[in-house]
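A structural walkthrough
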Amino acid sequence: MNHSSVLRTIPVIALMITALHSADADTLANGASSLQVQPAAPPAAEPFQLGDVQLLDGLFKTAQDRAVAYLLSLEPDRFLANFRKEAGLPPKAEQYGGWERMGVSGHSGGHYLSACAIAWATTGIPAFRERVSYMVDELALCQEAIGSGYLAAIPDGKRVFAEIAGGEIRSAGFDLNGCWVPLYTLHKLMAGLRDSYRLAGNQKALEINTRFALWLEEVISGLNEQQMQQILACEHGGMNETLSDLYADTGDRRFLALSNRFHHKAILDPLAEERDILPGKHANTQIPKVIGLASRYPLTGQASDRKASEFFWERVVRHHSYVTGGHCDHEHFGPPDTLNDRLSPATTETCNVYNMLKLSTHLFSWSASAEVADFYERALLNHIRGTQHPDGRIIYNLSLEPGHFKEYQTLYDSFTCCNGTGMENHVRYPEAIYFHDDEGIWVNLYIASKLDWRQRGIRLFQTTEFPFSETARFTLSLDRPQELTLRFRHPHWAGSPVELSLNGELQPTASSPSSFVEIRREWTSGDTVELRLPMSLRTEPMPDNPDRIAVFYGPTLLAADLGPVATPNADSSDFVPVLVTDRAPVSSWVEPTDLASITFQSNAVGRPHDVELVPFFSLHDRRYTVYLDLFTEALWQENEAARLAEYAREEALARRTTDLLRIGEMQPERDHRLEGEQTEAGEAMGRKWRHAIDGGWFAFTMRVHPQKAHELLCTYWGDDAHNRQFDILIDGVRIATQTLEHEAPGRFFEVAYPVPESLTRGQQEVVVRLQAHPGKWAGGLFGCRMLVAEE
């Protein structure tokens, strides 16, 4: 498919989906495999198979169609190129760009396999099953060529695992024996093979996965527990998840034992003890490990696995999440309930939300909790649905920085982790709309859809324009009359009571927000239920700042539209307005301008001007702010001068900056080629740091202007002291010596070091090195900028 034609294919694909779901329903129903292990902890609420639910026209169907077009535009042979290369076979096409040309090559192929299997199950388009079959056949050829059961596209992967098998382990947060997160990459491949088997019925995928797991068992068979925990210090995805799933699919207890070996004690044991050890941790490294516990719990009934999963979910959702349902800043957790100063272009990584939705599905199956479903709706509507551009591109980090904008991955040469999960996100919308038990059905999400419960001969049609409408209508078609309980979620944002009509007659209801409205009766074909969920304006404050709020209408997060991204910002004081409301109720200073599109306007409270508020999920190529600052008139006058000065300072720094290193964070340090000896990183006062001890050092590259003089701006903590003395060198030349001895108690401070022009003249980048004096420490360094010197 020509890449430029992706969007033009959507109407055609939509027709294909409608036709195929009608013609191929039986095939879809049989797509998922039956598990070989009886659950030790049966679910309270069981999710329907993906093939049982079909989206109907609406907000989410539009996104699904767009994703289908994009997935069909991708070329399987390009994902397979490095698999063939590592197997000694000639590639059939050039590999894709981005991370597929790096140490995590192959992770996108695993995600694409999952996405095609999911798309087959949810749309019935034969091309997806054909792609699954083709990729699985090719992977089988690669595994056979290697001969050991190993299968990967990871450059140098065979060496890494040979060393590990021999007990030689060098492990850090994102590096295992010199390779970038190899087990993380293998987890994505195993998940793709699992989904190919479970959702597309591909038996060969199960055989490949089984051979691979037996190879892995042999690799780690000689390692003791201490060595395994050393390996698990490096990000390893959800290896415990895919191995427990393989146990469920085969009944082979060796794979359950293997799943248990991938139990990362440093993280999972404290969670089982209900201790929040999340601050400072790389967020998405942890969630797949917890999903692994949640996947294993039904198979074993191990109480600690459930306890850790539920505690983790509670901490993330209630204490680490923003109003979008996303969490983390620059990929890391901060202190609990401390979000006000953690708003940046790199908030709320999309992979994290993808994984939290997966975890939420497990938790709902255990407890049928409306609170879990409330969170799922919040994150699905306000984060996931808002990360897809109309041209099909998706978002890595969904920015919550006031005045910023959504930054999208390229379609065909990024293939980061979030591009991988992004391939899956928009074809798996049917996943959690409905659940069931023997008594009836839970309706968790108000998404236009058709449910076909084949085992009971029940079809449920949901028609709604939600969230653009307060109502959802449900029509039943049954093979025979039967008694059934329908349970409709009463969302946390809806007033009480909700209105429920049965066959046109209003029914008495008794429910409260975050619960379910139930109706049990004998149903016959043609019975209808209409539900009205009243929507209104409300605000949600920052947990650590009641005067910084977000505005919602019903479930929909509203953002202040600040104009096109390309519009130059001549005056920063006129860029991110604030609201002078004197703490009046939101309904008194926001009024609707077009409820059909959920559009509102602030009324005479904006400074320097009022704002238009629109759904955050619908904003593209626009600057915005989700969080708005509230002032009284007196406070506005008092703070305006300080606000303008800070804006001016930040803008001046940005204009002079040639490079910025977020020290202590994985990807920025990799991008700046950081290395060192006797060095470590951590977090304090909500910021990352790095230091070197006992005469150690660390060094990194920084971009420079080849014709300008520069300054190196370093940030330190003013209470650091005792034995901290170090040199700062540029390309081996010492430019300064720094001693830290309580320079600025209780606050951060900055030091600007002049860089001789002779060191940067004609250069594109230089190496900055912090070298501790003998027996002393270098740092902690909390931030570093290279600036063009002021004239």
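Use the structure listed above.
The present account deals with the structure reproduced in this document. This is a predicted model, so every value here is computed, not measured. Sequence order as written defines residue numbering, which begins from 1 separately in each chain. Residue-level local features of this predicted model are given only where pLDDT is at least 70; pairs of side-chain atoms are given and counted only at 80 or more, and the full residue set underlies all totals for whole chains, interfaces and linings. Each side-chain value is worked out from all heavy atoms of the structure, with water and hydrogens disregarded.

1. Quick word on the packing of aromatic side chains
Basically, it comes down to this: Between rings of Phe, Tyr and Trp, where Trp is taken as its six-membered ring, a pair exists when centres lie within 6.5 Å; planes separated by under 30 degrees are stacked, by over 60 edge-to-face, and by other angles tilted. Strands are runs of DSSP state E lasting at least 2 residues, helices are runs of H or I lasting at least 4, and numbering of each runs from the N terminus. Exposure classes here rest on a 1.4 Å probe applied to the protein chains alone. A residue is buried below 20% of its type maximum, exposed above 50%, and partly exposed in between. Throughout this description, the term charge over a ring refers to an Arg CZ or Lys NZ atom that lies within 6 Å of the ring centre and within 35 degrees of the ring normal.
A full pass over the atoms with the stated rule returns 31 aromatic pairs. For the pair tyrosine 297 and tryptophan 366, a centre-to-centre distance of 5.0 Å together with 70° between the ring planes defines the contact as edge-to-face. Placement of the pair is tyrosine 297 in helix H14 (residues 283–300) and tryptophan 366 in helix H16 (residues 350–367), with a sequence separation of 69 residues. Taken individually, tyrosine 297 and tryptophan 366 each receive the classification buried, so the pair is uniform in this respect. The structure contains a cluster of three or more aromatic residues connected by ring pairs, namely Tyr446, Phe466, Phe474, Phe488 and Trp493. Above the plane of the ring of tryptophan 453 lies arginine 456, whose end atom (NZ or CZ) is 4.9 Å from the centre. Of note, arginine 769 hangs over the ring of tryptophan 697, and the distance from its end group to the ring centre comes to 3.9 Å.

2. Points about the sheet that holds strand E32 (residues 748–755)
Note the following rule: One bridge is not enough; two strands pair if DSSP finds at least two bridges between them. Axes, fitted as lines to C-alpha atoms, cover a helix only where it is in contact. Angles between the N-to-C directions of the axes lie from 0 to 180 degrees. Whether two residues touch is decided by their heavy atoms; if any such pair falls within 4.5 Å, the residues are in contact.
Overall, antiparallel pairing links the 4 strands, which are arranged E26-E35-E29-E32 in an open sheet. Since the sheet does not close on itself, it has two edges, and those belong to strand E26 (657–661) and E32, each with one partner. Neighbour-to-neighbour, the strand axes of the sheet open up by a mean angle of 20°, direction not taken into account. As judged from the 4 bridges shared by E26 and strand E35 (residues 783–788), these two strands associate in the antiparallel manner. Its bridge partner lying in E35, leucine 660 is registered against arginine 785. Helix-sheet contacts for helix H19 (residues 633–656) involve E26, strand E29 (710–717), E32 and E35, and the interaxial angle to E35 is about 70°.

3. A look at the sheet that holds strand E4 (residues 175–176)
Whenever strands of a sheet pair, they do so through backbone hydrogen bonds, lying parallel or antiparallel. Ordered in space as E3-E4-E5, the 3 strands form an open sheet in which the pairing is antiparallel. The sheet terminates laterally at strand E3 (171–172) and strand E5 (179–180), the two strands that pair on one side only.

4. Overview of the pattern of salt bridges
To keep things clear, this is the line we draw: Within this document, salt bridges are pairs made up of a side-chain nitrogen of Lys or Arg and a carboxyl oxygen of Asp or Glu, the two lying within 4 Å of each other.
In total, this model carries 56 salt bridges according to the counting rule given. Among the salt bridges present, the one from arginine 690 reaches glutamate 669, with a minimum N-O distance of 2.8 Å. Placement of the pair is arginine 690 in strand E28 (residues 687–703) and glutamate 669 in helix H20 (residues 666–671), with a sequence separation of 21 residues. The residues arginine 690 and glutamate 669 share a single accessibility class, namely buried. By sharing partners, the salt bridges in this structure join Arg194, Asp195, Arg198, Glu241, Asp245, Asp249 and Lys358 into a single network.

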